[in-house]
Amino acid sequence: MDTFDDLNLPDPSLKNIIDQKTLQWVFVGGKGGVGKTTTSCCLGIQLALTRNKVLLVSTDPAHNLSDAFSQKIGREPTAIQGFDNLCAMEIDANDDMDKLQNELANATTDEDAASGFNALLSELSSSIPGIDEAMSFAELMKQVQSLDYDVVVFDTAPTGHTLRLLSFPTILEKAFKKIFELKDKFGGLIGQTAAIFGGNAAAIQDTLTSKLEETRAIIQKVNTAFQDPNVTTFVCVCIPEFLSIYETERLVQELSKFGIDAHNIVVNQVLFPEKDAEEMADWYGKNKDLLPKEAQSICSKMLARKRMQDKYIGQCFDLYGDDFHVVLMPLLDHEVRGVEKLKDFSKLLVEPVDLEEGA
């Protein structure tokens, strides 16, 4: 594309992530339907070529890892066919919360205490918005940290849910600080509420306080890691359309507020990234009369789409080209499903399209 002077821009690939051996957590996110799962899988495959053990984790309720790899993937790490060092797992936050409630209830031997605890936890969830999701998130991070993997790639849910997920460490650190400052008053409230629900006040208070302390410790550790660019980074994924580029801008700004490193953007579904729309229009102008009417209509629509994409890709480079690695991934004539196709497509993440090729 001659519209971009890429001589002084950061390398348009994700090779910087592959080469950064200190990275432990890589989040991949963006608007719904832009190819986050495909990008996550491809990144995981490339990381598996240089790391000993790589884990892909889907936190999106609409899990797609199984579809992408064409194999069944469950809640436990599942080996990806064709690899001996790449695993994947799909996590459901609702299931995690149910499991957490059962574990906490079972921690008390008194049946009344267990019953009272479940009622109290439900009451606490409504009193402190997000506490249930946060504790579920803490359980997720505790599980991931306990697994022996060099790097974990998170295939996240669409932007809004992801930002909420990533904001938990910062928000809860403040919330827990306040809770423990008011620990005596909070403990009294627990005792009173437990008595109302018919539970053993001391047992419930000890169990809940212990769990909050454990959750807080995990959150503190996660928060520190999230804000360390040597350990954590976020890859923004979009397509060359207005809403997606706008969403990416919002995502980058929010990540900056949370202190989370982001310096890579993947632009998927690009029509002929090595070619320029005006060059294609010149060719079409010279050959239009030689084409059947139906072919003319197809070419005309394709050119309109190409011009639109070039405009938004130009805006993306204007906004981020000086500081971000912007990777253009081509629109293919087939679905990228199955290990072999993902392997082939993943090469384009580290071997960028030559934008001068079509010039």
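The preceding data block contains the structure.
Residues numbered from 1 in each chain as written. Predicted model: local features only at pLDDT ≥ 70, side-chain atom pairs only at ≥ 80, totals over all residues. Heavy atoms only, no water.

Draft legend 1. Highlighting the overall build of the chain. Each helix and strand in the chain was counted, giving 13 helices and eight strands. Per-residue burial for the chain yields a buried fraction of 52% across its 359 residues. In the chain, the share of contacts with a sequence separation of at least 24, taken over all contacts with a separation of at least 6, comes to 80%. Accessible surface, the chain as shown: approximately 17000 Å² in total, 50% of it carbon and sulfur. (Helix = DSSP H or I, 4+ residues; strand = E, 2+ residues; numbered from the N terminus. Buried < 20%, exposed > 50% of the residue type's maximum accessible area, 1.4 Å probe, protein only. Contact = heavy atoms within 4.5 Å. Areas by Shrake-Rupley, 256 points an atom, 1.4 Å probe, with all protein chains shown as cover.)

Draft legend 2. Quick peek at the layout of surface pockets. Each pocket or cavity is described by its volume, and for the largest pocket that value is around 540 Å³. Lining the largest pocket we find 22 residues, and of these Val34, Gly35, Thr38, Gln269 and Val336 sit closest to its centre. Elements supplying a minimum of two residues to the lining of the largest pocket: α2 (36-48), α3 (65-69) and β7 (264-270). If you tally residues by element for the lining of the largest pocket, the top one is α2, at three residues. (1 Å grid on protein atoms, 1.4 Å probe; cavity = no way out; pocket = protein on both sides within 12 Å on 5 of 7 lines; lining within 4 Å. Points joined across faces, edges and corners; volume = space filled by probe spheres on them.)

Draft legend 3. Geometry of the pattern of salt bridges. Inspection of the entire model under this criterion finds eight salt bridges. Put simply, arginine 305 and glutamate 241 hold a salt bridge, and the shortest N to O gap is 3.0 Å. With arginine 305 in helix α12 (residues 293-320) and glutamate 241 in the loop between β6 (232-238) and α10 (242-257), this pair connects stretches of sequence that are 64 residues apart. Residue arginine 250 is joined to glutamate 247 by a salt bridge in which the shortest nitrogen-to-oxygen separation is 3.4 Å. Taken together, the residues span about one helical turn, with arginine 250 and glutamate 247 both in helix α10 at a distance of three residues. (Salt bridge = Lys/Arg side-chain N within 4 Å of Asp/Glu carboxyl O.)

Draft legend 4. Inspection of the packing of aromatic side chains at higher detail. This model, assessed by the stated rule, comprises seven aromatic pairs. Taking 4.4 Å as the distance between ring centres and 10 degrees as the angle between the ring planes, the aromatic pair formed by phenylalanine 27 and phenylalanine 154 counts as stacked. Taken as a pair, phenylalanine 27 in strand β1 (residues 25-30) and phenylalanine 154 in strand β5 (residues 151-155) lie far apart in primary sequence, 127 residues in all. Side by side, phenylalanine 27 and phenylalanine 154 carry an identical accessibility label, which is buried. One aromatic cluster is present, built from ring pairs that chain together Trp25, Phe27, Phe154, Phe226 and Phe234. Residue placement shows lysine 53 over the ring face of tyrosine 149; its charged tip is 4.8 Å from the ring centre. (Phe/Tyr/Trp six-rings, centres within 6.5 Å; stacked < 30°, edge-to-face > 60°. Lys NZ or Arg CZ within 6 Å of the ring centre and 35° of its normal.)

Draft legend 5. Focus on the packing of α2 against helix α13 (residues 339-350). Where α2 contacts α13, the two axes come as close as 8 Å, and the packing angle between them is 80 degrees. Relative to α13, the element α2 lies roughly perpendicular. In this structure, α2 contributes Thr38, Thr39, Cys41, Cys42, Leu43, Ile45 and Gln46 to the contact, and α13 contributes Leu342, Lys343, Phe345, Ser346, Lys347, Leu349 and Val350. Tallied by class, residues from the contact of α2 with α13 come to eight nonpolar, four polar and two charged. (Axes fitted to C-alpha atoms, helices over the stretch in contact; angles between N-to-C directions. Parallel < 35°, antiparallel > 145°, perpendicular 65-115°, else oblique. Nonpolar A, V, L, I, M, F, W, Y, C, P; charged D, E, K, R; others polar.)

Draft legend 6. Examining α12 more closely. The terminal C-alpha atoms of α12, which comprises 28 residues, lie 40 Å apart, in line with the 40 Å expected from a rise of 1.5 Å per residue. Listed in full, the buried residues belonging to α12 are Gln296, Cys299, Leu303, Lys306, Gln309, Asp310, Tyr312, Ile313, Gly314, Cys316, Phe317 and Tyr320. The secondary structure elements touched by the buried residues of α12 are α10, β7, α11 (277-287) and β8 (325-330). (Expected span 1.5 Å × (residues − 1).)

Draft legend 7. Inspection of the pairing of β8 at higher detail. Along β8, six of the six residues are buried, which leaves the element largely enclosed by surrounding structure. Residue alternation in β8 divides its side chains into two sets, His325, Val327 and Met329 and Val326, Leu328 and Pro330, and both sets are buried. With five bridges connecting them, β7 and β8 associate as parallel partners. Across the sheet, valine 270 pairs through a bridge with proline 330, a residue of β8. (Pairing = 2+ DSSP bridges.)

Draft legend 8. The nonpolar core, seen in detail. Counting 45 residues, the largest nonpolar core has Trp25, Met141, Phe226 and Phe234 as its most contacted members. One finds Leu47, Leu65, Leu86 and Leu349 within the second-largest nonpolar core, a separate group that totals 37 residues. (Core = buried A, V, L, I, M, F, W, Y, C linked by side-chain atoms within 4.5 Å.)

Draft legend 9. Seen up close, the environment of valine 267. Tracing the backbone shows valine 267 in strand β7. Measuring from C-alpha to C-alpha, the distance between valine 267 and methionine 329 comes to 5.9 Å, with 62 residues separating the pair along the chain. Residues contacting valine 267, with those up to four places away along its chain left out, are Cys238, Ile239, Pro240, Cys316, Val326, Val327, Leu328 and Met329.

Draft legend 10. Spatial organisation of α13. Over its twelve residues, α13 runs 17 Å from end to end, which matches the ideal 16 Å to within 8%, given 1.5 Å per residue. Val339, Leu342, Phe345, Ser346, Leu349 and Val350 are the residues of α13 that are buried. Taken end-on, α13 shows its buried residues confined to a sector of 155 degrees, consistent with a single buried face. (Arc of directions from axis to C-beta.)

Draft legend 11. Seen up close, the state of the cysteines. Evaluated as defined, the whole model comprises zero disulfides. The thiol of cysteine 316 is not disulfide-bonded; the next cysteine sulfur, from cysteine 238, is found 5.0 Å away. The buried category is assigned to cysteine 316, whose relative accessible area is 1%. (Disulfide = S-S within 2.5 Å.)

Draft legend 12. Expanded view of empty space enclosed by the protein. For the structure shown, the criterion picks out two cavities of 30 Å³ or more. Estimated volume of the second largest cavity: approximately 30 Å³. Looking at the second largest cavity, the residues that line it are Leu9, Pro10, Pro12, Phe317, Gly321, Phe324, His325 and Val326.

Draft legend 13. Here's a closer look at a nonpolar patch on the surface. Residues Phe242, Leu243 and Tyr246 make up a contiguous nonpolar surface patch of roughly 350 Å² in combined accessible area. With respect to the element layout, leucine 243 can be found in helix α10. Residue leucine 243 is classed as exposed on the basis of its relative accessible area, which comes to 53%. (Patch = residues over 30% accessible without salt bridge, like charges linked within 9 Å, V, L, I, M, F, W, Y side chains within 5 Å.)

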